[in-house]
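Inside the fold
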Amino acid sequence: ACHAIDSNKVGPAHRGLIGRRVGSLPGYRYSDELARSRLRWTPQTLNLWLEDPEELVAGQRMGFQVDSAQERADLIAYLTTLK
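1. Quick notes on the side chain of Arg 20
Following the sequence through the fold, Arg 20 ends up in the segment before helix 1 (32–36). No salt bridge is formed by the buried Arg 20. Its closest oppositely charged neighbour is Asp 6, at 8.9 Å. The residues contacting Arg 20, other than those within four sequence positions of it, are Ala 13, Arg 15, Leu 25, Arg 40 and Trp 41.

2. So, the nonpolar core
If you look at the biggest cluster of nonpolar residues, it comprises 16 residues, and the most contacted ones within it are Leu 34, Trp 41, Leu 46 and Trp 49. Elements that contribute at least two residues to this core include exactly helix 2 (43–51) and helix 4 (69–79). Top element by residues in this core is helix 2. It accounts for 3 residues. Ignoring anything within four residues of it in the chain, the contact list for Leu 34 reads Val 22, Gly 23, Trp 49, Val 57 and Gln 60.

3. Brief notes about the pattern of salt bridges
Pairing between side chains of opposite charge can happen when the charged atoms of each approach one another. Considering all chains together, one arrives at 2 salt bridges under this definition. The closest approach of N and O atoms between Arg 15 and Asp 6, which form a salt bridge, is 2.5 Å. With relative accessibility at 37%, the residue Arg 15 sits in the partly exposed group.

4. Considering helix 4
Every buried residue belonging to helix 4 is among Arg 72, Ile 76 and Leu 79, and all of these are buried. Viewed end-on, helix 4 has its buried residues packed into an arc of 60 degrees, placing them on one side of the element. Where helix 4 is buried, its residues touch helix 2.

5. So, the packing of aromatic side chains
Counting across every chain of the model gives 2 aromatic pairs. For the pair Tyr 28 and Tyr 30, a centre-to-centre distance of 4.8 Å together with 75 degrees between the ring planes defines the contact as edge-to-face. Tyr 30 shares its class with Tyr 28; the two are buried. Ring geometry for Trp 41 versus Trp 49: centroids 5.4 Å apart, planes at 70 degrees, classification edge-to-face. Each member of the pair Trp 41 and Trp 49 is classed as buried.

6. Some details on the packing of helix 2 against helix 4
Closest axis-to-axis distance for the helix 2/helix 4 pair is 10 Å, and the angle between their directions is 135 degrees. Taken as axis vectors, helix 2 and helix 4 run oblique relative to one another. As for the relative orientation of helix 2 and helix 4, their crossing is right-handed in sense. Residue-level inspection shows Pro 43, Leu 46, Asn 47, Leu 50 and Glu 51 of helix 2 in contact with helix 4, the latter providing Arg 72, Leu 75, Ile 76 and Leu 79. Residue composition of the contact of helix 2 with helix 4, by class: 6 nonpolar, 1 polar and 2 charged.

Parameters and conventions
- Residues numbered from 1 in each chain as written.
- Predicted model: local features only at pLDDT ≥ 70, side-chain atom pairs only at ≥ 80, totals over all residues.
- Heavy atoms only, no water.
- Helix = DSSP H or I, 4+ residues; strand = E, 2+ residues; numbered from the N terminus.
- Buried < 20%, exposed > 50% of the residue type's maximum accessible area, 1.4 Å probe, protein only.
- Lys, Arg positive; Asp, Glu negative; His and termini not counted.
- Salt bridge = Lys/Arg side-chain N within 4 Å of Asp/Glu carboxyl O.
- Contact = heavy atoms within 4.5 Å.
- Core = buried A, V, L, I, M, F, W, Y, C linked by side-chain atoms within 4.5 Å.
- Arc of directions from axis to C-beta.
- Phe/Tyr/Trp six-rings, centres within 6.5 Å; stacked < 30°, edge-to-face > 60°.
- Axes fitted to C-alpha atoms, helices over the stretch in contact; angles between N-to-C directions.
- Parallel < 35°, antiparallel > 145°, perpendicular 65-115°, else oblique.
- Left-handed = near helix turned anticlockwise from the far one by under 90°.
- Nonpolar A, V, L, I, M, F, W, Y, C, P; charged D, E, K, R; others polar.

Below, the structure written as structure tokens:
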């Protein structure tokens, strides 16, 4: 409900996420903290983000985390297919 592949919703669109600089998708208003981040979305940063977004970028606005390592791996595998 929060994200879509090709359109912004509560969260930004996910197509082309891998390799993109965090907080940089044109047309989406990120928190200042996320927009200032110098991170890039890789499988490793996505795993940290999904595990605990606030730990990765303090002050961000995503209020959801994925506790299961397998579910995180499955989500990351799917996101890497969205070129």
